[in-house]
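# Topology and contacts: notes
Residues per chain are reported as follows:
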Amino acid sequence: MHPVIYYTIIFAAVISTCHGTPFNSPNNCGYDACNLGQPDKLNVHIVPHTHDDVGWLKTVDQYYYGARNDIQHAAVQFILDSAIQALVENPDRRFIYVEIAFFWRWWLQQTEEMQNTVRQLVNQGRLEFVSGGWSMNDEGVTHYNSIIDQHSLGAEFLRDQFGECGRPKLGWQIDPFGHSRQVASLLAHMGFDGLFFGRVDLQDYAERNKIKQMEMIWKGSSNLGEESWLFTGIIPRTYTPPESFCFDAFCDDEPIKDDPQLHDYNVLERVQAFINAAHDQAAGYATNHIMMTMGSDFQYENANQWYKNLDKLIRYVNAQQVNGSGVNIFYSTPTCYLYALNKVNRTWTTKTDDFFPVSLNPHGILTGYFTSRPALKRYERYSNNILQVTRQLNAFSNITLRTAIFPLSEAMGIAQHHDAVSGTEKQHVANDYAQRLSQGIDSALYVINEAYKKLLSKENQSLPVPTQYLCQLSNISECLPIEGQDSFTLTIWNPTIQSIENIIRVPVTKKYTIQSPTGETIAAAFIPISLPIKNIPGRTSSAQCELLFRTQIPALGFNTYYFEAKADATIEEISTIRVTQNEACVLQNEHLRLEFDDRGNLNSITNRDKNITLPFSAQGLYWYTSFQGNNSLPEFQSSGAYFFRPLTPNPLPVSNSRNITCTYTDQVQKALIIYNEWACQEIRIYDGARITEIEWIVGPIPIEDNIGKEIIVRYDTDIQSDETFYTDANGREVLERKRDYRPSWNYTVYESVSGNYYPIPSRIWIKDNQRQLTILTDRSEGGSSMHDGSIELMVHRRTLYDDSLGVGEPMNETAYGKGLVVCGKHFLLLEPPESSAFYHRNIAQRLFMSPMGTYALPNVSYANYSTSYRQTWSALTEPLPYNVHLLTFDQSSSKVFLIRVEHYFELNEDETFSKAVQFDLQILFNRLGKIVELVELTLGGNLPLNEMKRLVWITNQNESSHWKSTDPNFLTSTVVTLSSMEIKTFQVTLQ
């Protein structure tokens, strides 16, 4: 049996147990199961928990089974075994769990009797799921699409197995290295009532703790109003117990010894120490409720040891109330703690910015991970692109192979973990994440082929549909299946709901004629592949040239292009091109003009349509020297996987000289600028394009001088940006940043560079009154504006020292026996501020949801091919609005679909497209059938929106968070209205 098919069948059998009829449970869980304490006491909510990284020092499998305990002792299966047994033994006990990637594995291995026992614990509120995502996702470098998906994956499992009692009511982001306002908004739209996390900047923490503002109402969106507000609390000690009260088997703290006949009897001392710790913690909080997290990384493998001591602690502390103690301690959960705060009936301060960047010590700022492992960051984005396309193909072909897509969905859910795409894991774990994504793509390719068997075949045609191949190394101009072939096809799927004009680049070893879907010959340029690309380690292609052409691809559909080798031409006969070397040159099309001097400096970009010019005083590749210390004190803090700390604030050019080669064809004009043997950039403008594409190649970064290096691409202009720049949050809303400034507190600068770095998941810009320079990225990167008129983006890092945050390795990636080579792209947009959003919003979506090409070897003539197969197809029979994006199109069963649509413009950023928009969802389904039922769901897809009842909070400005949900009788029509930045989720049933 084909391995991919076998792999799919295995997962189909497994996942079928998780996507059945939702389990119906009685409603004595959640808030109904809460102990709200005593109004005249300091109520201490004891929250037993374990924090189980979905990979970090060990792989997911190693953590689950307890393998490689020489690296770290951790075995999740035994944690769950032990914690469940401890809950069964005492009905007062509580336990929370977060990472569904682990729980799902454990659940599938349990007997029906044990599963029913766990359901009973959930129904009684004794075992509670919080957050409920497949992993505890990072918040800095993740994209909102993937955050939603990984939460939905976990939420679906919990809904199907536990019903309403399994639905999480709050976010639990205790370990990520900064917190995004966009994530708060997403969680609010999932129906969450609150959010708790542990890591904030040490200066912010000190100020909040002093003025009792550790808890607040976070206004998660500047566009969506009260529906995006989320009560948010900061947990002391990140998520660990009070000092000396860790009772885990791997802690050294004293147990409670309560036999008074023994010399080591310590109850009174332990009780007083706990009461002191409770009052110390309460000093930073505004109510008579505090939450103590009793647990840490991979704890409760021996849950009895924890609970036996906690049982005693609760009994003896509360016994002191008769002696005048005002402390009341009891088992609780974060949900019950949140509910108790809600019932206090007070007002709360608000926050409108985010929690980036975070400093853990004056010289240790968590900004390195914004760039760490750039190749994995790009592969994660690419994998999501494949995932979304595969879901669409599965749905529109109606082959109902959702379970075969699960391996990629699961791999993507794992990849969102805060030690995965963040780049803060050990190297062998990073390799495991990449392998999981690769295997997931293999499984998705099976679905892609099955879908195209239906979509490509014409009726009454018997020829089999040729196998489709993904060329995953096309970014380095390598596609081995088509090399040397006399003919092949390229089928391109456009996952967006607007038709797009796309530039196609195909590495070839022969010259070909190209037939369009309608039979015309397409004009194409044959261009030599650049030497830096050909020299990338690991590239095995013999292709020396690439074929480049421009074409239009229909919305939510495909075009197929037929390539046939020319019999009368060899590859040496390259089409007419003009090349200059080390001369001043000008690249231009009808919209743009770029000027370079003979030393390879980009002097200016002109938007010819708007008649605006942007001079550059410098542009190119630079590097910061990594600080190398022993981490013994903050001033000796090293730069590493987590922290970015440069030795000096002034980056150095990667070379003092450079060579420039300018190439001109009808399709593209480009300038290749080579700095040295490990750094170059190629700046391109395509015919008809309004953006400038910059492809950079960096590596192997040299370390023979024993100096770590952090590579940036810098763009220095004359824009008067007034210390202000703008960065996106998770690919969605954009926040204003100011150098050396924090909106929430008086910021003291210790690190002038890294303290101004922010995550750039998709774009950054600077502007003045006339011009806005927007730079879009193809993956998450760290970036800043260190001087007025300047933007810099960190693209690669190679450090020689660990930064002492636990990973135990420097950020020193290698491949093929040398330092890792990474290539990527920036996209420059120069527009007046008032017209910039029109372009960058659409470009960002098209970069994230790029057209997906698959190659095939049909071994038939073009005449026979065009007779037997469709060459163009679209799911849409009429256009949809420009400011609407199809975020999710997932088939649940043959007649049921989960879809998400969004308005992707912010308020007031475009005169036309920021306005509310209305359209008919039926347009998306015209090829599939008539919509007979439409149910709007929460963002996580696990609850009808009209059943969402969120807690109401009042701000200290007397604002209410109350938001009226959808009237259940409202959805009588398939016409949907979207306001700026609004995402709507629907379950669609067809006739």
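One structure accompanies this document, and this report is about it.

What counts as what
Residues numbered from 1 in each chain as written. Predicted model: local features only at pLDDT ≥ 70, side-chain atom pairs only at ≥ 80, totals over all residues. Heavy atoms only, no water. Axes fitted to C-alpha atoms, helices over the stretch in contact; angles between N-to-C directions. Helix = DSSP H or I, 4+ residues; strand = E, 2+ residues; numbered from the N terminus. Left-handed = near helix turned anticlockwise from the far one by under 90°. Contact = heavy atoms within 4.5 Å. Nonpolar A, V, L, I, M, F, W, Y, C, P; charged D, E, K, R; others polar. Polar contact = N/O pair within 3.5 Å; in protein donor to acceptor, adjacent residues only side chain to side chain. Buried < 20%, exposed > 50% of the residue type's maximum accessible area, 1.4 Å probe, protein only. Lys, Arg positive; Asp, Glu negative; His and termini not counted. Salt bridge = Lys/Arg side-chain N within 4 Å of Asp/Glu carboxyl O. Pairing = 2+ DSSP bridges.

## Quick notes on the packing of helix H3 (residues 76-89) against helix H5 (residues 112-123)
Here H3 crosses H5 at 60°, and the two axes come no closer than 11 Å. Relative to H5, H3 is oriented so that their crossing is left-handed. The residues of H5 that touch H3, namely those facing Ile84, Leu87 and Val88, are Met114, Thr117, Val118 and Leu121. When the residues that make up the contact of H3 with H5 are grouped by side-chain class, the tally is 6 nonpolar, 1 polar and no charged.

## With respect to the environment of Leu195
Assignment of secondary structure puts Leu195 in strand E5 (residues 194-197). Distance in space between the C-alpha atoms of Leu195 and Leu230 is 6.9 Å, their sequence separation being 35 residues. Residue contacts for Leu195: discarding those within four places in its chain leaves Gly171, Trp172, Gln173, Leu187, Trp218, Leu230, Phe231, Thr232 and Gly233.

## What about the environment of His179?
Checked against the element boundaries, His179 lands in the loop between strand E4 (170-173) and helix H7 (181-189). The sequence separation of His179 and Leu652 amounts to 473 residues, and the corresponding C-alpha distance is 31 Å. Beyond its immediate chain neighbours, meaning those up to four positions away, His179 contacts Glu139, Gln173, Phe197, Arg199, Trp218, Asp354, Phe355 and Phe356. Reaching out from His179, the side chain makes a polar contact with the side chain of Glu139 at a distance of 2.8 Å.

## Description of the side chain of Glu483
Its place among the elements puts Glu483 in the loop between helix H14 (427-455) and strand E14 (487-494). As a buried residue without a salt bridge, Glu483 has its nearest oppositely charged side chain in Arg539, at a separation of 5.9 Å. Residues within four places of Glu483 in sequence aside, it is in contact with Thr509, Ser541, Ser542 and Ala543.

## Here's the deal with the sheet that holds strand E49 (residues 983-990)
Here 4 strands make up an open sheet; going across it, the order is E43-E44-E49-E46 and the pairing antiparallel. In this open sheet, the two strands that pair with only one neighbour each are strand E43 (884-893) and strand E46 (931-937). Here the average twist between neighbouring strands, direction ignored, is 25°. The pairing of E46 with E49 spans 6 bridges and is antiparallel. Within E49, the position partnered with Ile931 by the bridge is Leu990. Across the face of the sheet, helix H6 (residues 144-162) comes into contact with E43, strand E44 (896-903) and E49 while running at roughly 25° to E43. Strands E43 and E44 of the sheet are contacted by helix H12 (residues 374-397), whose axis makes an angle of about 55° with E43.

## Description of the sheet that holds strand E1 (residues 42-48)
Strands sit in the order E8-E1-E9 across an open sheet of 3 strands; the sheet is parallel. What marks the edges here is a single partner per strand, and that holds for strand E8 (289-294) and strand E9 (327-331). Between one strand axis and the next, the sheet turns by 25° as a mean value, whatever way the strands run. Bridging between E1 and E9 involves 5 bridges; their strand directions are parallel. Counted as the bridge partner of Leu42 is Val327 from E9. Along the sheet face, helix H9 (residues 267-282) touches E1, E8 and E9 and points at about 120° away from the line of E8. Along the sheet, helix H10 (residues 303-319) contacts E1, E8 and E9; its crossing angle with E9, the most-contacted strand, is approximately 150°.

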